[in-house]
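Each chain is listed here by its residues.
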Amino acid sequence: MHQKKFYVTTPIYYVTAKPHLGSLYSTLLADVAARWHRLSGEKIFFLTGTDEHGQKIAQAADKVGKKPQEFVDSFIDAYKDIWHKYDIAYTYFMRTTDQAHIKAVQEWIRALIKTGDIYKSDYSGFYCTPCETYVTKKDETVVVCESCGRETIEIAEESYFFRLSAYQDRLLAFYAEHPDFIVPKERSHEVVSFVQSGLRDLSISRTTVAWGIPFPDDEQHVVYVWADALNNYITALGYAQESKKEEFAYWWPADLQVMGKDIVRFHAVYWPAFLMASGLPLPKHLLVHGWLQVNKQKMSKSLGNAVDPQALLDAYGADAIRYYLIRFMAITQDAEFSTEDLEQRVSSDLANDLGNLLQRVVTLAQRRELYEVASPQNWGAHEIDLRDAFWTTLEKYSLDMDEGYSYRALGHLWGYIHQVNAYFHAAEPWKITDEARFKEVISASCHSLYAIGILLHPVMPHAMEKLLASLGVTVTFGEHNFLEELDDNPWNKTFMLHPLKEPLFKKYESKPEQVEEASEGGQAAFPEISIEDFAEVVLLVGTIEESEEVPGSDKLLKLQVNFGPYGMRQVLSGIKIYYSAAAVKGVQAVFVVNLKPRKMMGLESQGMVLTVTDAQDVLKLVTVAQVPPGTRLK
Ligand code: MSP
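Residues numbered from 1 in each chain as written. Predicted model: local features only at pLDDT ≥ 70, side-chain atom pairs only at ≥ 80, totals over all residues. Heavy atoms only, no water.

1. As for the overall build of the chain
Moving on, step 1. When helices and strands are tallied, the chain shows 19 helices and 28 strands.
Moving on, step 2. Its C-alpha atoms put the chain at 95 × 60 × 50 Å along the principal axes.
Moving on, step 3. Within the chain, buried positions represent 53% of all 634 residues.
Moving on, step 4. Of all intrachain contacts in the chain linking residues separated by at least 6 positions in sequence, the fraction that spans at least 24 positions is 74%.
Moving on, step 5. Accessible area of the chain: about 29,400 Å², with a carbon and sulfur share of 50%.
Moving on, step 6. If you average the places of the 63 positive and of the 84 negative side-chain charges in the chain, the two averages end up 1 Å apart. (Helix = DSSP H or I, 4+ residues; strand = E, 2+ residues; numbered from the N terminus. Buried < 20%, exposed > 50% of the residue type's maximum accessible area, 1.4 Å probe, protein only. Contact = heavy atoms within 4.5 Å. Areas by Shrake-Rupley, 256 points an atom, 1.4 Å probe, with all protein chains shown as cover. Lys, Arg positive; Asp, Glu negative; His and termini not counted. Charge placed at Lys NZ, Arg CZ, Asp CG, Glu CD.)

Take a look at the structure:
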């Protein structure tokens, strides 16, 4: 069997401090892509590393009185350690101070001097040290960096230039022929218009900086840090090393290169031009993501608002953070990071929707002493519907994962998880006395959970290994194509159930009014309130007259509720997993009616329906019979 290869890279990080959550985000997107391709039996090369030369690092080292090499060395363990703790399964960690890289970059320069693509001249202009980038003066005002907005320094020095201008037309032709080179496509516009506006040759050496790769055969110069750094993507594979020729030819070009939007120009303009000049093929896709922000500002070391991945890990664990970053930090835009939001998402999506489902299936089976779950000879109609729904989900999930839209893929999968929950509640296996039917429901749920566990493995490797283990499945990745297996899967597996020792995911109770449960024989720690406090809450009986699904929401039903003398109100409620729209029509339930109106999915909700969760963890409406709508509960 021919095994496909997948070569994915992250940007290499400036080592002026330990990694922060923004650095983790780029790395995580690459890790999820690598693990996704590993699922279908592909051979993976996943490259990450550190960018260790340049003025910015030399200055940072100087500030703390260290030599640059000693300074950069001091951070490497922190990077490797945090990547390890977050289950980042990289193949190779590149450091640009590695001798092999230094030599290969020098070879690259020698080759391009020979072809005339690199030549010596003089540079005069402006430079942004934090971004390590040359800046063009546009008018007479102070020159600030286009990318970070900081003030630049003026430099005038002899320099070697890369003949970038010669590649303008070829670059434009390449973008036109490869419209999916930059993902998301919308990011291509700025690149194309930058190139169309005219490319000037790029200075690729500095004489006023000492910390860099010595320019070959001209010791006055060091290589400009971006010309050094971009080449890591090929030097890591053995570019310009005779003994690694075959290995290099096997892996290059990269299948996916991940980066933040701040460094697109380097990757989408300079890098392809460097490769064209070297006669090498171009990467297949660049995945460009937005920024993680805190209070609407890019999270960064220099702004002092960076979140420490280690502290976060201690509080929430790697799987939950991986899920949250991948699902809710949509790559297409900047996203606000907040731990409250993280807690809420983890509680609802992971603990409630997924963890609970697994727990209930396994516990229920165990209660009936069902440990070995074989599949029935024939499946019923609901089970076949559920299986078909999975196949539809698989198609959508794969398409989005293949294109790098992992956040969208997870959205599809959660739609399916809600369907499985709805199936389980509707089937009410706890009430089934017929053994064959009981086994059928458990088996269908296990098949669904198995498929979910495999698809989610790239995002939450540890938690999914636990989920699969409780179904009696151990996964090992090699040449086996799990996606093909899921696609062909006729649902004929046998599962060996092992109850979980602890819940798969933690639930965070963010609502202060949540009370602790009573300990055995003791009293619950209910916070006391006065009768006046209670009187402020208006509870009314309401009759649900109309009910419909909210388009685009997996959870919400839109209810039109009759409160008798108090009129009709619209209430949105997240009960769709437990009730169909038709099932609640005509039901008389209890509502809180003096909560501040809230908007959900763009619709206003003017109340909240009361619910309880029964012993089977099924959510139920609190209903009242034989009183007219509008009756107040006191
Ligand atoms: N050293 C260069 C890259 C050279 S690649 C040949 C560099 N390093 S960096 O450390 O400043 O940034 C590395 C990556 O981290 C970039 O993709 C950048 O976008 C990402 N992030 C840094 N802060 C970020 C956020 N607040 N949010 C998301 N990603 C961010 O640039």
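2. Comments concerning unusual backbone geometry
Moving on, step 1. With an omega of -5°, the peptide bond running from Val183 to Pro184 counts as cis.
Moving on, step 2. Phi angles above zero are rare outside glycine, and Glu369 is one such case at about 60°.
Moving on, step 3. For Glu369, a relative accessible area of 65% corresponds to the exposed category.
Moving on, step 4. Even without being glycine, Gln626 reaches a positive phi, approximately 60°.
Moving on, step 5. Secondary-structure assignment places Gln626 in the loop between β27 (619–621) and β28 (632–633).
Moving on, step 6. Given a relative accessible area of 80%, Gln626 falls into the exposed group.

3. Here's the deal with the sheet that holds strand β9 (residues 202–203)
Moving on, step 1. A sheet is described by the order of its strands in space; here four strands give the open sequence β6-β5-β7-β9, paired in antiparallel fashion. For this open sheet the edge positions go to β6 (133–135) and β9, each flanked by a neighbour on one side alone.
Moving on, step 2. Here 10 bridges tie strand β5 (residues 118–128) to strand β7 (residues 153–162), and the two strands are oriented antiparallel to one another. Paired with Ser124 across the strands is Ala156, a residue of β7. (Pairing = 2+ DSSP bridges.)

4. Describing the site of the ligand
Moving on, step 1. By nearness alone, 23 residues border the ligand, and Ile12, Asp51, Gly260, Asp262 and Met299 come closest of all.
Moving on, step 2. Separating a nitrogen atom of the ligand from a backbone N or O atom of Gly22 is a distance of 3.4 Å.
Moving on, step 3. Interatomic distance of 2.8 Å between a backbone N/O atom of Leu292 and a nitrogen atom of the ligand.
Moving on, step 4. Expressed as a share of its isolated accessible area of 660 Å², the protein-covered part of the ligand is 94%.
Moving on, step 5. Elements with a minimum of two residues in the shell around the ligand: β2 (13–14), α1 (21–39), α7 (225–230) and β12 (256–260).
Moving on, step 6. Among the elements that take part in the shell around the ligand, α7 stands out by supplying three residues, more than any other.
Moving on, step 7. Counted by class, the shell around the ligand contains 13 nonpolar, seven polar and three charged residues. (Near = heavy atom within 4 Å. Polar contact = N/O pair within 3.5 Å; in protein donor to acceptor, adjacent residues only side chain to side chain. Nonpolar A, V, L, I, M, F, W, Y, C, P; charged D, E, K, R; others polar.)

5. Some words on a negative patch on the surface
Moving on, step 1. On the surface, a cluster of negative charge is contributed by Glu395, Glu484, Asp487 and Asp488.
Moving on, step 2. Take the negative patch: its biggest share by element is three residues, from helix α18 (residues 482–488).
Moving on, step 3. With respect to the helices and strands, the residue Asp488 is situated in helix α18. (Patch = residues over 30% accessible without salt bridge, like charges linked within 9 Å, V, L, I, M, F, W, Y side chains within 5 Å. Salt bridge = Lys/Arg side-chain N within 4 Å of Asp/Glu carboxyl O.)

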